[in-house]
Amino acid sequence: MRKQDKRSAEIYSISKALFAPTRLEITLNNFVNTLSLVLRMRRGGLEIPASEGEKKITAATRNSGSPSAAHYTVPKAAIDRIMTAGRLVVPDVCNSELFKDQIKWHGIGPTAFIAAAVEVDHETGGMLWFERAKESGYDYEEDVHFLSMAADLAGRAIRLHRTISGRGRTFAEEQEEQQNSRDEQSQSSARQRLLKNDGIIGESTALMAAVDTAKVMAETNSIVLLRGETGTGKECFAKLIHQHSTRQKKPFIKFNCPALSESLLESELFGHEKGAFTGAIAQRVGRFESANGGTLLLDEIGEIPPAFQAKLLRVIQEGEFERVGGTKTLKVDVRLIFATNKDLEMAVQNGEFREDLYYRISGVPLILPPLRHRDGDIPLLARAFLQRFNEENGRDLHFAPSALDHLSKCKFPGNVRELENCVRRTATLARSKTITSSDFACQTDQCFSSRLWKGVHCSHGHIEIDAPAGTTPLLGAPTNDVPPKEPGSAGVASNLIERDRLISALEEAGWNQAKAARILKKTPRQVGYALRRHGVDVRKL
């Protein structure tokens, strides 16, 4: 598994532990133990001091063969440093002045200590800490950065539990009520879903998980990288993040970054002064200035030329730039969201994308699920698109059940965009008010969009996808009982969702692989291959 895929899976695993429908003390202990495995730490703990009306919160790792973290007291001097700086790295506690009076921390060999402050209810008072064996030359910066993100998530989870508890309810009851509410909403019209989810239509587990994550991301000003196949709705998710943020009343500016020259990109994004170049007859404000105070979406970020990437990196880091032909440095406050369907990791390896820019924009990724992994969403989307077509054209068309069943069997490699085109094309050529399965182009071998995709063909009236060489067969596509090959970039979201389904089936089957295979409608041999491919160790789970 590539480093980026591994980090995404780790973020998903700790988020899943934090927002499980359990009591707060169980949730936090599971979270701390999951985090210790992710960061390969020996032990650690979470401490939130008591506040008015709230009890003290503690959670600690349960390491077999070594003392629990509950036996250790972090020195007050170290706590003060954590509260002041928000983080702390001590390469060796045995040689640190901060730990000199703590006997329990001595006699354990060279040990590194990392910690991050936890903010609850807009007050910093808690901390999340871990220790690990000291490693010569080891760079702890990545670990403490990851720990800071985890501490922020923990603070949000504690605040959420306290809010729900204040209503006299438990977190599990609240989640159950939300699920019941979603079930009721599934009976409403597609238009109502369109309005509720800010333009994102659907109710599948994969989509709801992405929507919930996007709303959490909206609460901060962190840079977000939206990743996913073409047509998965990256612009819609960018708007959702903006609309749920504190910047919602400020501008939302979007800009596609196609293969423009460096000078054109610079002018479009930074603006230019009058007379800066031939044709510059007036001063022009760029996209960064237009989005000041709001959100700027840079789509297809993987397509910008290497020469311009250094200039973009400076703006991201410093928040300042000069217009083309100008000398005045301008400073802006912009929430940046990037989007791409390109394999940026491969682009970095090929020297097409700067490594420092890649790390700067990919800190908080959100992988959008393809349509073939959104079970049950195709009929909802199809009805919404048909209703939109009816309103625009004064028509009164509707789908027959056979038509929706037919669409549900399609794989749609172009995702939501391809589905919308399919609905519009079919509605335009429909000869009656009821659209049936026979009205679709693929029934007469006229599905031209499928010819744009290698390995796509029509079979029995619906599109099937054959995985190209060197990629993993797409989830739901026909597979042979052979070991899967290494996944390509298009399988990033697929791998995370498939791994989660695999673990869920194993948990339901009591970790019996044969039973899990029957649940997944696969052979035990295929389940065994999947376990190895996703790095799931049955004995440790």
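Because the structure is predicted, anything quoted here is derived from the model rather than measured.

1. Some words on the overall build of the protein
Looking only at helices and strands, one finds 19 helices and 18 strands in the protein. Across the 541 residues of the protein, 46% fall into the buried class. Of the contacts made within the protein by residues no fewer than 6 positions apart, 66% connect residues no fewer than 24 positions apart. Here the protein has roughly 27300 Å² of accessible surface; of this, 50% comes from carbon and sulfur atoms.

2. Things to note about the pattern of salt bridges
Oppositely charged side chains can pair when the atoms bearing their charge come close. Taken as a whole and judged by the stated rule, the model has 28 salt bridges. One salt bridge connects Arg156 with Glu219, and the closest N-O pair in it is separated by 2.2 Å. Of this pair, Arg156 sits in helix H4 (residues 141–165) while Glu219 is found in the loop between helix H7 (205–217) and strand E6 (224–227), placing the two residues 63 residues apart along the sequence. For Arg156, a relative accessible area of 14% translates into the label buried. Within the structure, one salt-bridge network assembled from shared partners comprises Asp152, Arg156, Arg159 and Glu219.

3. Regarding the sheet that holds E6
Strands pair in a sheet through their backbones, by hydrogen bonds, and they do so in one of two ways: parallel or antiparallel. A sheet is described by the order of its strands in space; here five strands give the open sequence E7-E10-E13-E6-E14, paired in parallel fashion. Where the open sheet ends on each side, the last strands, each with one partner, are strand E7 (252–256) and strand E14 (364–367). Taking each pair of neighbouring strands and ignoring which way they run, the sheet shows an average axis angle of 20°. Examined bridge by bridge, E7 and strand E10 (residues 295–299) share five bridges and lie parallel to one another. Along E10, the bridge assignment pairs Phe255 with Leu298. Strands E6, strand E13 (335–340) and E14 of the sheet are contacted by H7, whose axis makes an angle of about 155° with E14. Relative to E6, helix H8 (residues 234–243) is tilted by about 150°, and along the sheet it contacts E6, E7, E10, E13 and E14.

4. Quick notes on the confidence of the model for the protein
The share of residues in the protein with pLDDT of 70 or more is 79%, and the mean pLDDT across the chain is 78. Segment residues 186–196 is flagged for pLDDT under 50; beyond a separation of four residues in sequence, or across chains, it makes 16 contacts in the model. Contacts for the low-pLDDT stretch residues 454–494, under 50 throughout, to residues beyond four places or in other chains number 81 contacts.

5. Here we look at the side chain of Gln309
Within the fold, Gln309 resides in helix H11 (residues 306–318). Excluding anything up to four places from it in sequence, Gln309 contacts Ile304, Glu352, Phe353, Arg354 and Leu357.

6. Points about the environment of Glu289
For Glu289, the location among the structural elements is in helix H10 (residues 287–290). Sequence separation between Glu289 and Leu269 is 20 residues; the distance between their C-alpha atoms is 8.3 Å. Other than its neighbours up to four places away in sequence, Glu289 contacts Phe270, Phe321, Arg323, Leu330 and Val332. Of the polar contacts made by the side chain of Glu289, one reaches the side chain of Arg323; its length is 2.8 Å.

7. Quick word on the pairing of strand E4 (residues 111–120)
The element E4 is largely enclosed, with a buried count of nine among its 10 residues. In terms of strand pairing, strand E3 (residues 87–90) meets E4 through four bridges, oriented antiparallel. Considered in E4, the bridge of Val90 is made with Phe113.

8. Regarding the packing of H7 against H8
Relative orientation of the contacting elements H7 and H8 amounts to 40°, with a least axis distance of 9 Å. On the basis of the axis angle, H7 is oblique to H8. The interaxial crossing formed by H7 with H8 has right-handed handedness. Residue-level inspection shows Leu207, Ala210, Val211, Ala214 and Lys215 of H7 in contact with H8, the latter providing Phe237, Leu240 and Ile241. By residue class, the composition of the contact of H7 with H8 is seven nonpolar, no polar and one charged.

Definitions and limits used
- Residues numbered from 1 in each chain as written.
- Predicted model: local features only at pLDDT ≥ 70, side-chain atom pairs only at ≥ 80, totals over all residues.
- Heavy atoms only, no water.
- Helix = DSSP H or I, 4+ residues; strand = E, 2+ residues; numbered from the N terminus.
- Buried < 20%, exposed > 50% of the residue type's maximum accessible area, 1.4 Å probe, protein only.
- Contact = heavy atoms within 4.5 Å.
- Areas by Shrake-Rupley, 256 points an atom, 1.4 Å probe, with all protein chains shown as cover.
- Salt bridge = Lys/Arg side-chain N within 4 Å of Asp/Glu carboxyl O.
- Pairing = 2+ DSSP bridges.
- Axes fitted to C-alpha atoms, helices over the stretch in contact; angles between N-to-C directions.
- pLDDT = per-residue confidence, 0-100.
- Polar contact = N/O pair within 3.5 Å; in protein donor to acceptor, adjacent residues only side chain to side chain.
- Parallel < 35°, antiparallel > 145°, perpendicular 65-115°, else oblique.
- Left-handed = near helix turned anticlockwise from the far one by under 90°.
- Nonpolar A, V, L, I, M, F, W, Y, C, P; charged D, E, K, R; others polar.

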